[in-house]
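The primary structure of each chain is shown beneath.
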Amino acid sequence: QVQLVESGGGLVQAGGSLRLSCRASGTFVSINMMGWHRQAPGKQREMVATIGRDGSTNYKDSVKGRFTISRDNAKNTVYLQMNSLKPEDTAVYLCNAVRLATVDWGQGTQVTVSS
């Protein structure tokens, strides 16, 4: 089982930056893919960025060029550097970890971008 704890959310003005972190702990052999997703009030959860164990990445179109996902396999930690934030980026950001057929989720961290 994997426990995921996110940190780094907060309130920021439009154009500002935040860096989210998510650390995985527990008993597991390895994590294949880690990712960041977000859910705004009244909207469906959506993928923001994912990163494979080999470092391959995938981004939601609207965050390309602004957000960067990275991971430290030795620390079982995934990061999301968010620059040029916009009010529409406001949401709860959740990380997940994929192991074979198992997906674990964190509790989420709130990101609020004011205009």
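This is a predicted model, so every value here is computed, not measured.

About the thresholds
Residues numbered from 1 in each chain as written. Predicted model: local features only at pLDDT ≥ 70, side-chain atom pairs only at ≥ 80, totals over all residues. Heavy atoms only, no water. Phe/Tyr/Trp six-rings, centres within 6.5 Å; stacked < 30°, edge-to-face > 60°. Lys NZ or Arg CZ within 6 Å of the ring centre and 35° of its normal. Salt bridge = Lys/Arg side-chain N within 4 Å of Asp/Glu carboxyl O. Helix = DSSP H or I, 4+ residues; strand = E, 2+ residues; numbered from the N terminus. Buried < 20%, exposed > 50% of the residue type's maximum accessible area, 1.4 Å probe, protein only. Disulfide = S-S within 2.5 Å. Pairing = 2+ DSSP bridges. Axes fitted to C-alpha atoms, helices over the stretch in contact; angles between N-to-C directions.

Considerations on the packing of aromatic side chains
- All told, the structure shown has zero aromatic pairs when counted by the stated rule.
- The ring of Tyr 79 carries Arg 19 above its face, with NZ or CZ at 4.2 Å from the centroid.
- One residue, Arg 45, lies across the ring of Trp 105, its end atom 4.5 Å from the ring centre.

Details of the pattern of salt bridges
- Evaluation of the coordinates by the stated rule reveals six salt bridges.
- Across the pair Asp 89 and Arg 38 runs a salt bridge whose closest N-O atoms are separated by 3.0 Å. One end of the pair, Asp 89, is in the loop between β8 (77-82) and β9 (91-99); the other, Arg 38, is in strand β4 (residues 33-39), and 51 residues separate them in sequence.
- Given the relative accessible area of 1%, Asp 89 is considered buried.
- Its relative accessible area of 6% is what places Arg 38 among the buried residues.

Quick word on the state of the cysteines
- If you walk through the whole model with that rule in mind, you get one disulfide.
- Linked covalently through their sulfurs, Cys 22 and Cys 95 form a disulfide whose S-S length is 1.8 Å. Of this pair, Cys 22 sits in strand β3 (residues 18-26) while Cys 95 sits in strand β9, and the two are 73 residues apart along the sequence.
- With a relative accessible area of 0%, Cys 22 lands in the buried category.
- Judged by relative accessible area, Cys 95 falls into the buried class, the value being 0%.

Some thoughts on the sheet that holds strand β1 (residues 2-7)
- The strand order β1-β3-β8-β7 describes an open sheet built from four strands, whose pairing is antiparallel. The sheet is open, and its two borders are formed by β1 and β7 (67-72), each paired with just one other strand. Geometrically, the sheet is characterised by an average inter-axis angle of 15 degrees between neighbouring strands, direction not taken into account.
- Of the pairings in the sheet, the one linking β3 to β8 comprises six bridges and is antiparallel in character. Counted as the bridge partner of Ser 21 is Tyr 79 from β8.

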